[in-house]
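Notes for the structure review
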Amino acid sequence: MQRLLKAESLVAIGVLGLSAVSFDQTRRIPVSPAYAQVGPTVMAYAASLLLLGLGIALLVEAWRGNWVTPEEENVPLQWRAVLWLGLGLVANAALIDWLGFIIASTLLFFCTARAFGSRRPLIDCAIGASFAAIAYFGFARALGINIGIGSLWENFL
């Protein structure tokens, strides 16, 4: 029972829970009878299966004690980095509908880079905006999937 309560095991159990939610949500995707074998859920089921495998592998590694090396065992948690990551996730979730995918994702990239110790905010924002723009236009233009331009910008475009 002691191994089950370790933080590593809790992360593995979280990944397994995410896999279960992913399977459940994929099961709810409506599929037209026109699809013979390969439909819109194939990749979602594949991702869910990969999450399940990852969760099992992480749980096995946590129980064996192979996840953290003895040198890493006594390293204190860097709360400042955790706070930057949390800020990025909350800002992204709160602002994506209003500011749109590109700006919200740029802020997320900036906060993540800051959490990992970067001290170059302009370069981080430029890199984040580039990746976000590529992802946005890849989904919106190439695949025809709307991932959100943001309500602030809808009147301008």
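This text goes with the structure placed above it.
Now for a quick tour of the structure. (Residues numbered from 1 in each chain as written. Predicted model: local features only at pLDDT ≥ 70, side-chain atom pairs only at ≥ 80, totals over all residues. Heavy atoms only, no water.)

1. Concerning the overall build of the protein
Selection rule: A helix here means a DSSP run of H or I that spans at least four residues, while a strand means a run of E at least two residues long, and both kinds are numbered starting from the N terminus. Buried means the residue's accessible area, taken with a 1.4 Å probe over protein chains only, is under 20% of the maximum for its type, while exposed means over 50%, and partly exposed covers the values in between. In what follows, residue pairs with any heavy atoms lying within 4.5 Å of each other are defined as contacts.
Per the secondary structure count, the protein includes 6 helices and 0 strands. With respect to the principal axes defined by its C-alpha atoms, the protein has extents near 55 × 50 × 20 Å. Split into buried and exposed, the 157 residues of the protein put 20% on the buried side. Pairs at least 24 residues apart make up 59% of the contacts formed inside the protein by residues separated by at least 6 positions.

2. Looking at the packing of helix 1 (residues 7-27) against helix 2 (residues 42-64)
Applied cut-off: Every axis corresponds to a line fitted to the C-alpha atoms, with the helix fit spanning only the stretch in contact, and the corresponding angles, defined between N-to-C directions, vary from 0 to 180 degrees. The cut-offs work like this: below 35 degrees is roughly parallel, past 145 is roughly antiparallel, 65 to 115 is roughly perpendicular, and the gaps in between are oblique. Here is the rule for handedness: rotate from the far helix to the near one, and if that takes an anticlockwise turn smaller than a right angle the crossing is left-handed, while a clockwise turn gives right-handed.
As a packed pair, helix 1 and helix 2 sit with axes 8 Å apart at the nearest point and diverge in direction by 165 degrees. In terms of orientation, helix 1 and helix 2 fall into the roughly antiparallel class. By crossing handedness, the relation of helix 1 to helix 2 is classed as left-handed.

3. Here we look at helix 1
Our working definition: One less than the residue count of a helix, multiplied by 1.5 Å, gives the span that helix is expected to have. The arc in question is traced by the directions running from the helix axis to the C-beta atoms.
Between its first and last C-alpha atoms helix 1 spans 30 Å; for 21 residues at 1.5 Å apiece the expected length is 30 Å, and the two agree. Those residues of helix 1 lying buried are Glu8, Ser9, Ala12, Val15, Ser19 and Thr26. Taken end-on, helix 1 shows its buried residues confined to a sector of 120 degrees, consistent with a single buried face. Contacts made by the buried residues of helix 1 are with helix 2.

4. Quick look at the packing of aromatic side chains
Note the cut-off: We call Phe, Tyr and Trp rings a pair once their centres come within 6.5 Å, taking the six-membered ring for Trp, and we label the pair stacked below 30 degrees between planes, edge-to-face above 60, and tilted otherwise.
If you walk through the whole model with that rule in mind, you get 4 aromatic pairs. Geometrically, the ring pair formed by Phe23 and Tyr45 is tilted, given 6.2 Å between the ring centres and 40 degrees between the ring planes. Taken together, the residues span a long stretch of sequence, with Phe23 in helix 1 and Tyr45 in helix 2 at a distance of 22 residues. According to the relative accessible area criterion, Phe23 is partly exposed, its value standing at 27%. Accessibility expressed as a relative area gives 34% for Tyr45, which makes it partly exposed. The interplanar angle of 90 degrees and the centroid separation of 5.9 Å between the aromatic rings of Trp84 and Phe110 together place this pair among those described as edge-to-face. Here Trp84 is found in helix 4 (residues 79-99), whereas its partner Phe110 is found in helix 5 (residues 101-115), with 26 residues between them in sequence. The class of Phe110 is buried, set by a relative accessible area of 16%.

5. Let's talk about helix 2
The end-to-end C-alpha separation of helix 2 is 33 Å, in line with the 33 Å expected for 23 residues at 1.5 Å each. For helix 2, the full list of buried residues reads Ser48, Gly55, Leu59 and Ala62.

6. Thoughts on the pattern of salt bridges
For clarity, the threshold we go by: We define a salt bridge as a contact between a side-chain nitrogen of Lys or Arg and a carboxyl oxygen of Asp or Glu at a distance within 4 Å.
Summed over the entire model, instances satisfying the criterion amount to 2 salt bridges. The shortest N-O distance in the salt bridge between Arg27 and Asp24 comes to 2.7 Å. Highlighted residues: Arg27 and Asp24, both in helix 1, separated by 3 residues, approximately one helical turn. Residue class for Asp24 comes out partly exposed when judged on its relative accessible area of 23%. Here Asp24 and Arg28 are joined by a salt bridge, their closest N and O atoms 3.0 Å apart.

7. A word on the packing of helix 5 against helix 6 (residues 121-142)
Between helix 5 and helix 6, the least distance of the axes is 8 Å, while the angle of their chain directions is 135 degrees. Judged on the interaxial angle alone, helix 6 and helix 5 are oblique. In the crossing of helix 5 with helix 6, the sense of the turn from one axis to the other is right-handed. The segment helix 5 lies against helix 6, with Phe101, Ile102, Ser105, Thr106, Phe109, Phe110 and Ala113 engaging Pro121, Asp124, Cys125, Ile127, Gly128, Ala129, Phe131, Ala132, Ala133, Ala135, Tyr136 and Phe137.

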